[in-house]
Amino acid sequence: RLPNIDTLVLLQDTGPENSGRRAQILNRMVSVADRYQVKVRLAYYPPYYSKYNPVERCWGVLANHRNGALPDTLEAIVGYAKSMTWKKQNPVVRLVTKSYQLGVSLSKQAMKDVARAQRRRSTA
């Protein structure tokens, strides 16, 4: 879709699920980079700076939007999320039912492929 794009920058929080040291996430990033022939850069918000993370702001908006109502069913949660607005637009909301297995490890060959991911420390 975007032929002139050569680098993707993914902004992430500093939670352990998004760690640049986790083999599964690195494996997925290498796979995306190979598939689309792009560089992938992982950028992290500083710890405890949720006010800069748009996803974190979304949770506050959602809490205000439901106006104290208890989202006690999956349909209610999805309905609240779909009916939110930001800059007069509704979000695209899809229920993901896929479960990810815990404790999955990479083969030695997959680890070698991931090892080509370059790591640089921030100078900021």
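The structure reproduced in this document is the subject of the present report.

### Here's the deal with the overall build of the protein
No. 1: Looking only at helices and strands, the protein has four helices and two strands in total.
No. 2: Ordering the α and β elements of the protein from the N terminus gives β-α-β-α-α-α.
No. 3: Counting across all 124 residues of the protein, residues that qualify as buried make up 15%.
No. 4: Surface accessibility of the protein: about 11100 Å² in total, with carbon and sulfur atoms responsible for 53%.

### Details of the nonpolar core
Nonpolar side chains tend to gather and get buried jointly when the protein is soluble and globular.
No. 1: Counting residues in hydrophobic clusters, the biggest one holds five residues: I25, L26, L106, A110 and V114.
No. 2: Among the elements of the structure, α1 (23–36) and α4 (108–115) are those that each provide at least two residues to this core.
No. 3: Leaving out residues up to four positions away in the same chain, L106 has contacts with A23, Q24, N27, M111 and V114.

### A closer look at the packing of α1 against α4
No. 1: Where α1 meets α4, the closest approach of the two axes is 9 Å, and the angle between their N-to-C directions is 65°. On the basis of the axis angle, α1 is roughly perpendicular to α4. Here the hand of the crossing between α1 and α4 comes out left-handed. Listed contacts from α4 to A23, L26, N27 and V30 of α1 are M111, D113 and V114.
No. 2: Looking at the contact of α1 with α4 residue by residue, the classes come out as five nonpolar, one polar and one charged.

### Points about helix α2 (residues 54–65)
No. 1: The terminal C-alpha atoms of α2, which comprises 12 residues, lie 16 Å apart, in line with the 16 Å expected from a rise of 1.5 Å per residue.
No. 2: Phi turns positive one or two residues past the end of α2, at N67, with a value near 50°.

Rules used in this analysis
- Residues numbered from 1 in each chain as written.
- Predicted model: local features only at pLDDT ≥ 70, side-chain atom pairs only at ≥ 80, totals over all residues.
- Heavy atoms only, no water.
- Helix = DSSP H or I, 4+ residues; strand = E, 2+ residues; numbered from the N terminus.
- Buried < 20%, exposed > 50% of the residue type's maximum accessible area, 1.4 Å probe, protein only.
- Areas by Shrake-Rupley, 256 points an atom, 1.4 Å probe, with all protein chains shown as cover.
- Core = buried A, V, L, I, M, F, W, Y, C linked by side-chain atoms within 4.5 Å.
- Contact = heavy atoms within 4.5 Å.
- Axes fitted to C-alpha atoms, helices over the stretch in contact; angles between N-to-C directions.
- Parallel < 35°, antiparallel > 145°, perpendicular 65-115°, else oblique.
- Left-handed = near helix turned anticlockwise from the far one by under 90°.
- Nonpolar A, V, L, I, M, F, W, Y, C, P; charged D, E, K, R; others polar.
- Expected span 1.5 Å × (residues − 1).

Structural measurements only, silent on function.
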